[in-house]
Amino acid sequence: MTTCDVCGTQTNMPYHCKHCGGTFCSEHRLPENHDCPGLDDWGDPDGVFDSGFDESVTTGSGSTTSSSTSTLNRLKPDTGPGGVLGYFRGNMTYVFLILMAVTFFAQELFKAFFVEFRVAPSGGVYTTTPEMFDLYRSIFTLQPGHPEYVWTWVTSIFAHGGVSHIVVNGIVIFFFGRLVEQYIGSRDFTLLFLGSGVLAGLGQIAIMLFQSDASGVLGASGAALAIMGVLTVLNPDLRVYLYFIFPVPIWVLTIGLVAINVLGIFGTGGGGVANVAHLVGLAIGLAYGQRVRSQIRVPNQLQFGGGPGGPGGPGGPGRRRGPF
């Protein structure tokens, strides 16, 4: 069965729009019922039928305007079948997973060629090349001492502190992200993922500034927990297999993660965990889920298996704090 891009209804006889490349149920198959971008072209015959090679073909006094409109239409991103951006439609979950993998690989290459890490007697980590270490942090880590490095607002979402860190976050995003993207669409999913990731990181370094903590934060757990928050509102009885074994409703898992991270803020949880980032991401997801709840139809019988401990087991997906 296929899911309608507008209402999320499962349908055995989907309609594929040749103008925008979307898949729709019978109720939304007409272009005007799914806000098809092709409607803009239909109102401009020159933009649709004019090949653009014969400049002698004009429409009177409006020829310049028609030609300009036709050119702009040809320059618009093509999200339909065969267009480059069409491949991203419905696949942004995988795009973000690939970006996470590529960024982590870049981190490892940077450390292998430019930075030498050693364990200090105190248990901390230091490097024999402090200039390169600072450069590494300025690329991949959102730091409370340098919030003006705006690129790290984004790069820190895709960077991770180790193999287990990226694997756990990747499991959550892979399983839960696909569902949320189906429910809200690829465009809104992209905005949710990036927006929650940025705000979660900024929330964490705000607390670090208050605590005089200069370590920094990185990881995609803020976005992962935002995804989980959306699912908690839209489908609270969604079955998640804790550690791939124990079935629990997602709302129970969410409450458990809130408790763990609140305790972590007061120093009773595991060290090195960005608890504030977790809670900010989850709060954004819950708020967004409430906002779109009445607009989305979710199958009641859907059951799903998540990653270990849902999003990362005890402690959540683990947007990590530390020297990196």
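Just above, that's the structure.
Heads up: these notes are all about the structure in this document. (Residues numbered from 1 in each chain as written. Predicted model: local features only at pLDDT ≥ 70, side-chain atom pairs only at ≥ 80, totals over all residues. Heavy atoms only, no water.)

## Focus on the overall build of the chain
Where we set the bar: The helix count covers DSSP runs of H or I at least four residues long, the strand count covers runs of E at least two residues long, and both are numbered beginning at the N terminus. Think of it in three bands: with a 1.4 Å probe and only protein chains considered, a residue is buried below 20% of the maximum accessible area for its type, exposed above 50%, and partly exposed in between. Methods summary: accessible areas were calculated by the Shrake-Rupley approach with a probe of 1.4 Å, and residue burial reflects only the protein chains presented.
Within the chain, the secondary structure is distributed over 12 helices and 10 strands. Buried residues in the chain amount to 43% of all 324 residues. Accessible area of the chain: about 16,600 Å², with a carbon and sulfur share of 63%.

## Details of the packing of helix α8 (residues 186–211) against helix α11 (residues 275–292)
The relative placement of two packed helices comes down to the angle between their axes together with the axis-to-axis distance. Here is the rule we go by: Helix axes are fitted only over the stretch in contact, all axes being lines through C-alpha atoms; the angle between N-to-C directions runs from 0 to 180 degrees. Handedness of a crossing is defined here by the sense of rotation of the near helix relative to the far one, left-handed for an anticlockwise turn of less than a right angle and right-handed for a clockwise turn. Should any heavy atoms of two residues lie within 4.5 Å, those residues are considered in contact. For this classification, the nonpolar set comprises Ala, Val, Leu, Ile, Met, Phe, Trp, Tyr, Cys and Pro, the charged set comprises Asp, Glu, Lys and Arg, and every other residue, Gly included, is treated as polar.
Between α8 and α11, the shortest axis-to-axis distance is 8 Å and the interhelical angle comes to 145°. Remark: the crossing between α8 and α11 carries right-handed chirality. Residue-level contacts link Asp188, Leu192, Ser196, Leu199, Ala200, Gly203, Gln204 and Ile207 of α8 to Asn275, Val276, Ala277, Val280, Gly281, Ile284 and Tyr288 of α11. Residues that form the contact of α8 with α11 fall into these classes: nine nonpolar, five polar and one charged.

## A word on helix α10 (residues 250–265)
What counts here: Here a helix's expected span is defined as the number of its residues, less one, multiplied by 1.5 Å.
Taking 1.5 Å per residue, 16 residues should reach 22 Å; α10 reaches 23 Å between its end C-alpha atoms and fits that length. Just beyond α10, the residue with positive phi is Gly267, at close to 85°.

## Comments concerning the side chain of Gln204
Basically, it comes down to this: Two N or O atoms count as a polar contact when they lie within 3.5 Å, although within protein this holds only if one can serve as hydrogen donor and the other as acceptor, and sequence-adjacent residues are included solely when both atoms are side-chain atoms.
With respect to the helices and strands, Gln204 occurs in helix α8. Among the polar contacts made by the side chain of Gln204, one reaches the main-chain amide nitrogen of Val276 at a distance of 3.2 Å.

## Quick word on the packing of aromatic side chains
For clarity, the threshold we go by: Side-chain rings of Phe, Tyr and Trp (the six-membered ring for Trp) are treated as a pair once their centres are within 6.5 Å; stacked means planes under 30 degrees apart, edge-to-face means over 60, and tilted covers the remaining angles. Any Lys NZ or Arg CZ found within 6 Å of a ring centre and within 35 degrees of that ring's normal is scored as a charge over the ring.
Applying the stated criterion across every chain, the model contains 11 aromatic pairs. Taken together, a centroid distance of 6.3 Å and an interplanar angle of 45° make the contact between Phe189 and Phe193 tilted. Taken as a pair, Phe189 and Phe193 lie in helix α8 at a separation of four residues, close to a single helical turn. By relative accessible area, which is 0% here, Phe193 ends up buried. Ring pairing ties together the aromatic residues Phe96, Phe158, Phe189 and Phe193, which thus form one cluster. A cation over an aromatic ring shows up here: Arg178 above the ring of Phe174, its NZ or CZ 4.3 Å from the ring centre.

## Notes on the pairing of strand β8 (residues 239–242)
Defined as follows: A pair of strands counts as paired when DSSP detects no fewer than two bridges linking them.
As paired strands, β8 and strand β9 (residues 246–249) are joined by four bridges and run antiparallel to one another. Its bridge partner being in β9, Leu242 is matched across the sheet by Phe246. Counting the residues in the hairpin turn of β8 and β9 gives three residues, including Tyr243, whose phi is positive at 55°.

## Some words on the state of the cysteines
Spelled out, the test is: In plain terms, two cysteine sulfur atoms within 2.5 Å form what is called a disulfide here.
Counted according to the given criterion, the structure contains zero disulfides. In this model Cys4 remains outside any disulfide bridge; the closest cysteine sulfur is found in Cys25, 3.7 Å from its own. According to the relative accessible area criterion, Cys4 is buried, its value standing at 1%. Judged by relative accessible area, which is 8%, Cys25 ranks as buried.

## Things to note about the pattern of salt bridges
Quick reminder of the rule: Here, a salt bridge means any side-chain nitrogen of Lys or Arg that lies within 4 Å of a carboxyl oxygen of Asp or Glu.
Counting across every chain of the model gives two salt bridges. Where Arg187 meets Asp188, a salt bridge forms, and the shortest distance between an N and an O atom there is 3.3 Å. Its relative accessible area of 66% is what places Arg187 among the exposed residues.

## Some details on the environment of Val240
Here Val240 shows up in strand β8. Along the chain, Val240 and Ile250 lie 10 residues apart, while their C-alpha atoms are 5.9 Å from each other.

## Points about the environment of Asn261
Residue placement: Asn261 occurs in helix α10. For Asn261, a relative accessible area of 2% puts it in the buried group. Each C-alpha atom of the pair Asn261 and Ala274 lies 8.5 Å from the other, and the pair is 13 residues apart in sequence.

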